[in-house]
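Notes for the structure review
Listed below are the residues making up each chain.
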Amino acid sequence: MIRRLVRALDDRLGAAPFLRHALHKAFPDHWSFMLGEVAAYCFIFILLSGTYLTFFFHPSLQQTVYHGAGVPSLDGRVVSDAYASVLDLSFQTQAGLLIRQAHHWCANLFAAAIIVHMSRVFFTGAFRKPREINWFVGLTLLLLVMADGFSGYSLPDDALSGAGLRIAYSIAIGIPFIGDWIASLIFGGRFPSPAFEGRLYALHILFIPLALAGLITVHVMILWHQKHTQFPTPGKRENNVRGSPLWPTYAVRSTALMMATFGVLLLLGGLVEINPIWNYGPYDPWTVASPAQPDWYVGWLDGSLRLGPRWAIYFPHHAISTLFWPAVVLPLTFFAILYAWPWIERRLQRDDRYHELLQFPWQNPLRTSFGVAALTFAGILLAAGSDDVQARLLSVPVQSLAWVYRIALWTVPWICAAIAWRICIELQARHAYKDEHPERLVLVRSAQGGYEEGPRLSTE
Amino acid sequence: MSPKERRGRRRATVCLVVSMLGSVLFATSFALGGQTQLEGLGLGLAFLGFAGALIVWARDLMPQTKVEDPQHPLASSEQERDDAAARLESGIDDVIGRRAWLVRLAGGAAAFLGIAALFPLRSWGPSPYGRIGFSDWAAGRRLVREDGSVVKVADVEIGTALTVFPEGEVGPDKIQNMADDAVMLVRAEPTAFEMPKDRAGWTPDGFVGYSKVCTHAGCPVALYRAADQQLMCPCHQSTFDVTNGGTVVFGPANRSLPQLPIAIDSDGVLRAAGPLSGFVGPDTWETSR
């Protein structure tokens, strides 16, 4: 049966040599190589759950009167068709709320999986030659996932995401020279334009997913062609790749990971409430939910806005908005440095060689310190994005907390980088010592309290 | 059968039974009318049980085969690289050759095409000029609530606030207007104010109005804190002084909230005594305050 199938495929595609080789392709056994796969499975899940949701969602800001049994407190209120359809698909459609919440959780996990995967790639130097291209593709995927998440949670036209869209519009109009035009063209007139909902929907379900699918294909094809990197443990060299075969070991493992990812998302979707838009209410531009926090992967930008300086620049007939620095310059600079990092490192360390073996983070203090600083910087911005909630929990004025974050943002990353550097140096010294002293002296304390030299042990 | 094999079989069996029970739980819950928590639990366990069984399978029941692939630099031979480059070059040469003038013309045509292709973008939205940052407020317009009802002096207690719009500019078809017209009307103790001199008479009976659109990022400045006489934006915590012309006291906003001069007519109804004192919302490139 299988033999016949392979023959039939080989007759038509000449696929047998490829199959023979591919089925025994070596996949490294370290768990950290599966982080990217979590992201890939998130993409599959988000595509399937999202398609389900499109069957029920109406991307329209047409005003209607809500008459649903789902949310009695909103009965008789004028709401948009989009908002009403999300309430209906949550409460009138069986399993609708489960799928919707799992979809939303999936967006959060998707971004998290990418960032953790990229951290692994960064701190072990997996992005080095010849893999720089896939580093760019990966960063672009991260940006696309953030954009898809933002466009997705802005669709239900609720009071929380509506305010988020207005902030996005305000950032757009603040761009020097072309901001007014860009905002007017993209949003379809001044905010809130009824035309915008359909555009957001087209971006969310068509353009961005298509770009994601294309780039994920490129990402995996490059990975396949270049083969995996591996940790420099015994038996692994620059000129081999050791691991488990794709078929059957890795295929079974990876299917398990897919099932586990789906299972966790569905558990979260069923048991942990997310984005309860009936608590926020429908969006009227003069109302806002409080506290107002975006989803976590946008939170660092919100924090940046909160901490931003009051640097408006006024010319006789023009102005540069205060938003330009924290909302445009800062994120663009941050990502530009991340995109450029493979080159920066090559220049700084004068290293143009191929690298198939990874480094442990302590082996490259410069890279590790920079990565720690970048993550700390983004983490402080993310924390600052909910300073009002923290202020309430800690019973301190939000003003004081904001100043703490302002100062921390420009000091703590340096401190963390210095600590990381020091730890790397210490670990290097420890490893160097072990390499020089392959045997260890063991002292044994006797019952009388004296010490005697025990057996010599290998450090391995 | 080895003990490892036996243990693995036992564990995988438990996992698969859990998975089946999860599917049954989901289907039953769905058939009985649906309950989100039970559905999530059922479907989640169905997947996680299956995942558990596969993990046991891969770890305990299958042979731990290892394979090794050769890895070598992807770079081809110099000859190969030069040949590829030469083909590209000769192709370019075939196209361009000594036709410099024609090439320049083609570049021009491409530029024309690029510019022509930009024209459809213009359909995406109207010109922004004169549309951003303006409101419908003008002298004499009565203040109304979201439902269109007018505001009388006697309706508003000291220490409270409400959102008002110019009369005739409310309703489901006026949402774009309402977005920029919204004003926070606060009533404070008349003695509390320290207004600039040129705004004398803008706060009759302690009524003071400020644009509700934050000058930082456009969020509604919706939180009125009567104790400090401050308006605060819940999005980024910009805070404005109610008693002193809406000046910024904290946060990332750099500009005061535009103020609405208020008048009280002979019926005790609140009216605007003029337009808003400044540009509504955040700065844009075209703003000149």
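Let's shift gears to the environment of A:Asn239. The residue A:Asn239 is located in the loop between α9 (196-226) and β4 (240-245) in this model. Residue classification places A:Asn239 among the exposed positions, given that 11 C-beta atoms sit within 10 Å. Taking the C-alpha atoms as reference points, A:Asn239 and A:Glu356, 117 residues apart in sequence, are found 7.5 Å from one another. If we ignore the near neighbours within four places in the chain, the residues touching A:Asn239 are B:Pro70, B:Gln71 and B:His72.

As a further point, take helix α4 (residues 100-118) of chain B. With 19 residues, α4(B) should reach 27 Å at 1.5 Å per residue; the first-to-last C-alpha distance of 27 Å fits that figure. With zero of 19 residues buried, α4(B) lies mostly on the surface of the structure.

This part takes up the sheet that holds strand β4 (residues 183-187) of chain B. Residues and elements named next belong to chain B. Strand order in this open sheet of five strands is β2-β3-β4-β5-β10, and the pairing throughout is antiparallel. Unpaired on one side and paired on the other, β2 (143-144) and β10 (259-260) mark the two borders of the sheet. Across two bridges, the pairing between strand β5 (residues 207-211) and β10 is antiparallel. Bridged to Tyr210 within β10 is Gln259.

To continue, consider unusual backbone geometry. Residue and element names in this part refer to chain A. The omega torsion across Phe191 and Pro192 is -5 degrees, close enough to zero to call that bond cis. Residue placement: Pro192 occurs in the loop between α8 (179-187) and α9. For Ala95, which is not a glycine, the phi torsion comes out positive at approximately 70 degrees. Structurally, Ala95 can be placed in the loop between α4 (81-91) and α5 (96-123). The class for Ala95 is buried, based on 21 C-beta atoms found within 10 Å. Even without glycine at this site, Arg350 takes up a positive phi of about 45 degrees. Among the secondary structure elements, Arg350 is positioned in the loop between α13 (324-349) and α14 (365-384). Given 7 C-beta atoms within 10 Å, Arg350 falls into the exposed group.

Here three strands make up an open sheet; going across it, the order is β1(A)-β4(A)-β1(B) and the pairing antiparallel. The open sheet terminates on both sides in strands that have one partner only, identified here as β1 (26-27) of chain A together with β1 (67-70) of chain B. Note that β4(A) and β1(B) share four bridges and pair antiparallel. Within the sheet, the bridge partner assigned to A:Asn240 lies in β1(B) and is B:Pro70. Taken strand by strand, helix α10 (residues 246-271) of chain A contacts β1 and β4 of chain A, and its axis lies near 70 degrees from that of β4(A).

How each quantity is defined
- Residues numbered from 1 in each chain as written.
- Chains lettered and ligands numbered in written order.
- Predicted model: local features only at pLDDT ≥ 70, side-chain atom pairs only at ≥ 80, totals over all residues.
- Helix = DSSP H or I, 4+ residues; strand = E, 2+ residues; numbered from the N terminus.
- Buried ≥ 20, exposed ≤ 12 C-beta atoms within 10 Å, placed from the backbone.
- Contact = placed C-beta atoms within 7 Å.
- Expected span 1.5 Å × (residues − 1).
- Pairing = 2+ DSSP bridges.
- Axes fitted to C-alpha atoms, helices over the stretch in contact; angles between N-to-C directions.

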